[in-house]
Amino acid sequence: MHSELNDFLRDPLGKRNIHKKEQGITMIIDKGLGNHSFLDLVETAGNYIDFIKLGFGTTALYPEHILENKIGLAKKFGIDIYPGGTFFEVAFHQGKRELYFETLKQMGFNKIEISDGTIELTNRDRQRSIQQAKSLGFTVITEYGKKAEGSVTDSEQLLYTINADLEAGASFVIVEGRESGENVGIYDSEGKIQDHFPMIARSIQPYINQVIWEAPKKSQQVELMNWFGPNVHLGNIAPDEIYSVESLRRGLRSDTFFMNKKEEANA
Amino acid sequence: MHSELNDFLRDPLGKRNIHKKEQGITMIIDKGLGNHSFLDLVETAGNYIDFIKLGFGTTALYPEHILENKIGLAKKFGIDIYPGGTFFEVAFHQGKRELYFETLKQMGFNKIEISDGTIELTNRDRQRSIQQAKSLGFTVITEYGKKAEGSVTDSEQLLYTINADLEAGASFVIVEGRESGENVGIYDSEGKIQDHFPMIARSIQPYINQVIWEAPKKSQQVELMNWFGPNVHLGNIAPDEIYSVESLRRGLRSDTFFMNKKEEANA
Amino acid sequence: MHSELNDFLRDPLGKRNIHKKEQGITMIIDKGLGNHSFLDLVETAGNYIDFIKLGFGTTALYPEHILENKIGLAKKFGIDIYPGGTFFEVAFHQGKRELYFETLKQMGFNKIEISDGTIELTNRDRQRSIQQAKSLGFTVITEYGKKAEGSVTDSEQLLYTINADLEAGASFVIVEGRESGENVGIYDSEGKIQDHFPMIARSIQPYINQVIWEAPKKSQQVELMNWFGPNVHLGNIAPDEIYSVESLRRGLRSDTFFMNKKEEANA
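Residues numbered from 1 in each chain as written. Chains lettered and ligands numbered in written order. Predicted model: local features only at pLDDT ≥ 70, side-chain atom pairs only at ≥ 80, totals over all residues. Heavy atoms only, no water.

## Side note on the relation of the copies chain C and chain A
Next, step 1: For the pair chain C and chain A, the superposition axis carries a translation of 0.0 Å, the fit reaches an RMSD of 0.0 Å, and the rotation angle comes to 120°. Here the transformation between the copies is reduced to the relation of a three-fold axis. Relative to the rotation axis, the closest C-alpha in chain C is found at His36(C), a distance of 3.7 Å.
Next, step 2: In this assembly the copies use different faces: only 3% of the residues contributing to the interface of chain C also contribute to that of chain A. (Least-squares fit on C-alpha atoms with pLDDT ≥ 70 in both. Contact = heavy atoms within 4.5 Å.)

Encoded structure:
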């Protein structure tokens, strides 16, 4: 492509001239991609992917050589890869937290997710898990929110959790949205962002660079970009949606074509 | 992975230490995968797949070398592969049943589905089709249920069909759910299992090892596992959902994390 | 496969014994397929695909060698490939129409889409864009309809646009349906074809060979086949739905199994 054309055609909104992992993080959920599909993903979209999460406990299901291949390829393309929080919860629930950390280390992971979407975790256990993982050399992501249907995001609790987790050593806090983006956290049963979101958005604003919103649906991605700008951190993006999400961030899709103008109008 | 870790991390519910095709059969619907995707599927998830159905009449559309490749790879990975029932119905409707069986044989299939989801099939024709296919060396799967919108599963009819089909030589009876899982069989227009299901479930219980439920949606898979345990036979699973389904069967996803406990509470 | 079996098993409705790009055009939307997936697509379904659209502005996101690979493979398999209309609108909006045409030429595209789904385009600018693209050697497709939620297809405006665009040199006019097929153009918020469609259908009938309907959902594909026959032109088909669509066109899926009969009954 003509280099002089790069700017206006590749990034019309002009907000994505950035380094990976600094602004506008995108986290992909991998629910069992095979070798060719995974290679396709990183070769085609590696520049637009910061994190790959191996969804829920799927890490346990892979033949060893396929898992090794994923970890190796992710590293090669500068992408952090880690098992979903449910895998941690499976281990914790059985009283095997240390063994879990050790196993992940041996497998080659250097990022880890601490969550309590399904189990109960005391503040003390949560803090200890973060600290211990960190002391073992992991980068730590935590997750806020329950996976049960109808669970709601509470802005005070979320704020408390963000503060406590970051203080304990976490790099990012994910807001639960599940793979479906429906009837959980900030989303209603149709996947729409709930009416009380503006309150959450305002209280979260100071921490926006440490918060990743699970937002599998396009309408959610667009609405979050409208709130926080095109570089809002987004997670649980399906592998075949990464080009759509990056198009939205750049104004290369109708839904965000005029986003700049809106921002200017608001300013 | 540490071998001592295998058990608690790989199968927390402890119900999947089984041989393929004996318990907890999973049938995938293939709607046109190409060579790389198909190889990805069997390499990554071959241990968790028992049957691959080439959906509806898609068998007719493949270039010969791609079809041969599928059949060969499935055999190599110990997976039964067969054309969807609609393909049989196309042939039967044109009075070419024998020719159909012969063609499938020559193509290398050794499993076959007999159904009447679209056409009318008398009890006698159904019985004969099963017997004839069996005498030609095919393993036979049959299907119960109409594909028309709003079709309903009748427990007495289903029971009669299961008995008749198994007696005629069928190995399994599939309960129709289509690719969509909506507004057909035991599912309402939103894909929820209908209110009269408990009656069906109770009457089917004695035959549960011979029944495969088409259940493309996660909520359906979970509800059927809640009814019949994690080793219930499930069909019409999309290729990219196989790791999710196997995670559910093992308690590696939030929705079935505490399934064991529920069972124990009920016992 | 037995050659004598070809006809009844491969094309039971008997309407697909046709040359590509003459009848029953199918346009795929590619939202970021990698090299292996793209090769799978054309190898497996190349005979059933006429056009591949690189959705919205995704053309800008590909590493150069992947884009070159797509363009080369499409040509090898006799498939027209072109960037989505939004990419044109991005360029036009910045006053760089000529540069856009020139860039696409250099990239190896020889088909182009002119649309105003997001921006405003005067009749004169629309006409000029078509003419200019054509004079540069492009085959031109245009699109009618706005992408905004709740936009409606107006039959008089559509008819006017078809006439004007074809006269200016366009080969086909696409009717907007977006990737979702919901709450846009002829579709309501659930993706059902709206009540006023019969009026549109009747007025469009004389131009039916130049019109492509974006119809991502199966119910939409079936309903349009019921209106216009199995060779109606369809667009925005997801890559993994191409075998389903071709099955529908041939009567190899339940939904169109008896389509011939219906037509005969209407005759």
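Now that the structure is up, let's keep going.
## Considerations on the pattern of salt bridges
Next, step 1: In this structure the tally under the stated criterion is 57 salt bridges over all chains.
Next, step 2: Ionic pairing is found between Lys146(B) and Glu120(B), a salt bridge with its closest N-O pair at 3.6 Å. Here Lys146(B) is found in the loop between strand S5 (139-144) and helix H7 (155-168), whereas its partner Glu120(B) is found in the loop between strand S4 (111-114) and helix H6 (123-135), with 26 residues between them in sequence.
Next, step 3: The partly exposed category is assigned to Lys146(B), whose relative accessible area is 28%.
Next, step 4: The class for Glu120(B) is exposed, based on a relative accessible area of 67%.
Next, step 5: Two residues, Asp80(C) and Lys111(C), come together in a salt bridge whose shortest N-O distance is 2.8 Å. Residue Asp80(C) is found in strand S3 (residues 80-83), and its partner Lys111(C) is found in strand S4 (residues 111-114); the two are separated by 31 residues along the sequence. (Salt bridge = Lys/Arg side-chain N within 4 Å of Asp/Glu carboxyl O. Helix = DSSP H or I, 4+ residues; strand = E, 2+ residues; numbered from the N terminus. Buried < 20%, exposed > 50% of the residue type's maximum accessible area, 1.4 Å probe, protein only.)

## Description of the packing of helix H5 (residues 97-107) of chain A against helix H6 (residues 123-135) of chain A
Residues and elements named next belong to chain A.
Next, step 1: Remark: H5 packs on H6, axes separated minimally by 11 Å, with the N-to-C direction vectors making an angle of 30°. For the element pair H5 / H6, the angle class is roughly parallel. Of the two elements, H5 crosses H6, and the hand of that crossing is right-handed. Where H5 abuts H6, its residues Arg97, Glu98 and Phe101 lie against Asp125, Arg128, Ser129, Gln132 and Ala133. (Axes fitted to C-alpha atoms, helices over the stretch in contact; angles between N-to-C directions. Parallel < 35°, antiparallel > 145°, perpendicular 65-115°, else oblique. Left-handed = near helix turned anticlockwise from the far one by under 90°.)

## Focus: the interface of chain C and chain B
Next, step 1: Across the contact, 29 residues belong to chain C and 36 residues belong to chain B.
Next, step 2: Between chain C and chain B lies a buried interface of about 2,800 Å² when both sides are counted; carbon and sulfur atoms form 62% of it.
Next, step 3: Linking chain C with chain B are 3 salt bridges.
Next, step 4: Across the salt bridge formed by Arg178(B) and Asp255(C), the nearest N and O atoms sit 2.8 Å from each other.
Next, step 5: On the surface where chain C and chain B come into contact, there are 11 residue pairs in polar contact (both at pLDDT 80 or more).
Next, step 6: Residues of the side of chain C that touches chain B, tallied by class, amount to 11 nonpolar, 7 polar and 11 charged. (Buried area = accessible area lost by both parts, 1.4 Å probe. Polar contact = N/O pair within 3.5 Å; in protein donor to acceptor, adjacent residues only side chain to side chain. Nonpolar A, V, L, I, M, F, W, Y, C, P; charged D, E, K, R; others polar.)

## Looking at the relation of the copies chain C and chain B
Next, step 1: Taken as rigid bodies, chain C and chain B are interconverted by a rotation of 120° and an axial shift of 0.0 Å, the fit giving an RMSD of 0.0 Å.
Next, step 2: Comparing interface residues between copies, only 3% of those in chain C also sit at the interface in chain B, which points to a heterologous contact through distinct surfaces.

## Here's the deal with the packing of aromatic side chains
Next, step 1: If you walk through the whole model with that rule in mind, you get 48 aromatic pairs over all chains.
Next, step 2: Seen in terms of ring centroids, Tyr243(A) and Tyr62(C) are 4.8 Å apart; in terms of plane orientation they differ by 50°. Their pairing is tilted. Of this pair, Tyr243(A) sits in helix H10 (residues 242-250) while Tyr62(C) sits in the loop between strand S2 (51-54) and helix H3 (64-76), on two different chains. Per residue, the accessibility class of Tyr243(A) equals that of Tyr62(C), and both read buried.
Next, step 3: Plain terms: the ring middles of Phe51(B) and Tyr82(B) are 6.4 Å apart, the flat faces sit at 75° to each other, and that makes the pair edge-to-face. Of this pair, Phe51(B) sits in strand S2 (residues 51-54) while Tyr82(B) sits in strand S3 (residues 80-83), and the two are 31 residues apart along the sequence.
Next, step 4: Connected via pairs of aromatic rings, a cluster forms that spans Phe87(A), Phe88(A), Phe92(A), Tyr100(A), Phe101(A) and Phe138(A).
Next, step 5: The residue whose ring lies beneath Lys105(B) is Phe138(B), and the NZ or CZ to ring-centre distance is 4.7 Å. (Phe/Tyr/Trp six-rings, centres within 6.5 Å; stacked < 30°, edge-to-face > 60°. Lys NZ or Arg CZ within 6 Å of the ring centre and 35° of its normal.)

## Brief notes about the sheet that holds strand S1 (residues 26-30) of chain A
All names here are of chain A.
Next, step 1: The 8 strands are arranged S3-S2-S1-S8-S7-S6-S5-S4 in an open sheet whose pairing can be described as parallel. The open sheet has two edge strands with one neighbour each: strand S3 (80-83) and strand S4 (111-114). Each strand of the sheet is rotated relative to its neighbour by a mean of 25°, with strand direction disregarded.
Next, step 2: The strands touched by H5 are S3 and S4; relative to S4, the strand with the most contacts, the crossing angle is about 150°. (Pairing = 2+ DSSP bridges.)

## A short note on H6(A)
Residues and elements named next belong to chain A.
Next, step 1: A rise of 1.5 Å per residue sets the reference length of H6, with its 13 residues, at 18 Å; its end C-alpha atoms lie 18 Å apart and thus fit the reference within 8%.
Next, step 2: Along H6, the residues that are buried comprise Arg126, Ser129, Ile130, Gln132 and Ala133.
Next, step 3: If you follow the buried residues of H6, they end up packed against helix H4 (85-93), H5, S4, strand S5 (139-144) and helix H7 (155-168).
Next, step 4: Just beyond H6, the residue with positive phi is Gly137, at close to 100°. (Expected span 1.5 Å × (residues − 1).)

## Here's the deal with the sheet that holds strand S5 (residues 139-144) of chain C
All names here are of chain C.
Next, step 1: Taken together, 8 strands build an open sheet; the order of strands is S3-S2-S1-S8-S7-S6-S5-S4 and the sheet is parallel. The sheet terminates laterally at S3 and S4, the two strands that pair on one side only. Across this sheet, the average inter-strand angle for adjacent strands is 25°, counted without regard to direction.
Next, step 2: Direction of pairing for strand S6 (residues 172-175) relative to strand S7 (residues 211-214): parallel, over a ladder of 3 bridges. Among the inter-strand pairings, Val175 is bridged to a residue of S7, identified as Trp213.

## Focus: the confidence of the model for chain A
Next, step 1: Scored by pLDDT, chain A comes out at a mean of 93, with 94% of its residues at no less than 70.
Next, step 2: Reported for the predicted complex are a pTM of 0.96 and an ipTM of 0.95. (pLDDT = per-residue confidence, 0-100.)

## Re the interface of chain C and chain A
In many reports, interface size means the accessible area that the parts give up when they come together.
Next, step 1: Counting from both sides, the interface comprises 36 residues of chain C and, opposite them, 29 residues of chain A.
Next, step 2: Of the roughly 2,800 Å² buried where chain C meets chain A, counting both sides, 62% is carbon and sulfur surface.
Next, step 3: On the chain C side of the contact with chain A, Lys31(C), His36(C) and Leu61(C) bury the most area, a combined 22% of that side's loss.
Next, step 4: Taken together, chain C and chain A are joined by 3 salt bridges.
Next, step 5: Here chain C is connected to chain A by 11 residue pairs in polar contact (both at pLDDT 80 or more).
Next, step 6: Breaking the side of chain C that touches chain A down by element, the ones donating at least two residues are helix H2 (35-45), H3, helix H4 (85-93) and helix H5 (97-107) of chain C.
Next, step 7: Partitioning the side of chain C that touches chain A into residue classes produces 14 nonpolar, 14 polar and 8 charged.

## Quick word on the nonpolar core
A general tendency of soluble globular proteins is for nonpolar side chains to be buried together.
Next, step 1: Judged by nonpolar contacts, the single largest core of 219 residues is most densely connected at Trp213(A), Leu224(A), Trp213(B), Leu224(B), Trp213(C) and Leu224(C).
Next, step 2: For Trp213(C), the contacting residues outside a window of four places in its chain are Val175(C), Ile186(C), Phe197(C), Ile200(C), Ile204(C), Ile208(C), Leu224(C), Phe228(C), Val232(C), His233(C), Leu234(C) and Gly235(C). (Core = buried A, V, L, I, M, F, W, Y, C linked by side-chain atoms within 4.5 Å.)

## Comments concerning the pairing of strand S8 (residues 234-237) of chain C
Residue and element names in this part refer to chain C.
Next, step 1: Bridging between strand S1 (residues 26-30) and S8 involves 2 bridges; their strand directions are parallel. Its bridge partner lying in S8, Ile28 is registered against Ile237.
Next, step 2: Two strands pair when backbone bridges link them, and S7 and S8 are joined in this way by 2 bridges, in the parallel orientation. Bridge pairing in S8 links Glu214 to Gly235.
Next, step 3: Read from S7 through helix H9 (residues 218-228) to S8, the crossover connection turns out right-handed. (Right-handed = clockwise from strand over helix to strand, strands pointing away.)

## Topic: the packing of H4(C) against H5(C)
Residues and elements named next belong to chain C.
Next, step 1: Where H4 meets H5, the closest approach of the two axes is 7 Å, and the angle between their N-to-C directions is 140°. The angle between H4 and H5 places the two elements in the oblique class. Contacts between H4 and H5 involve Phe87, Phe88, Ala91 and Phe92 from the first element and Arg97, Tyr100, Phe101 and Leu104 from the second.
Next, step 2: Of the residues assigned to the contact of H4 with H5, the class counts are 7 nonpolar, no polar and 1 charged.

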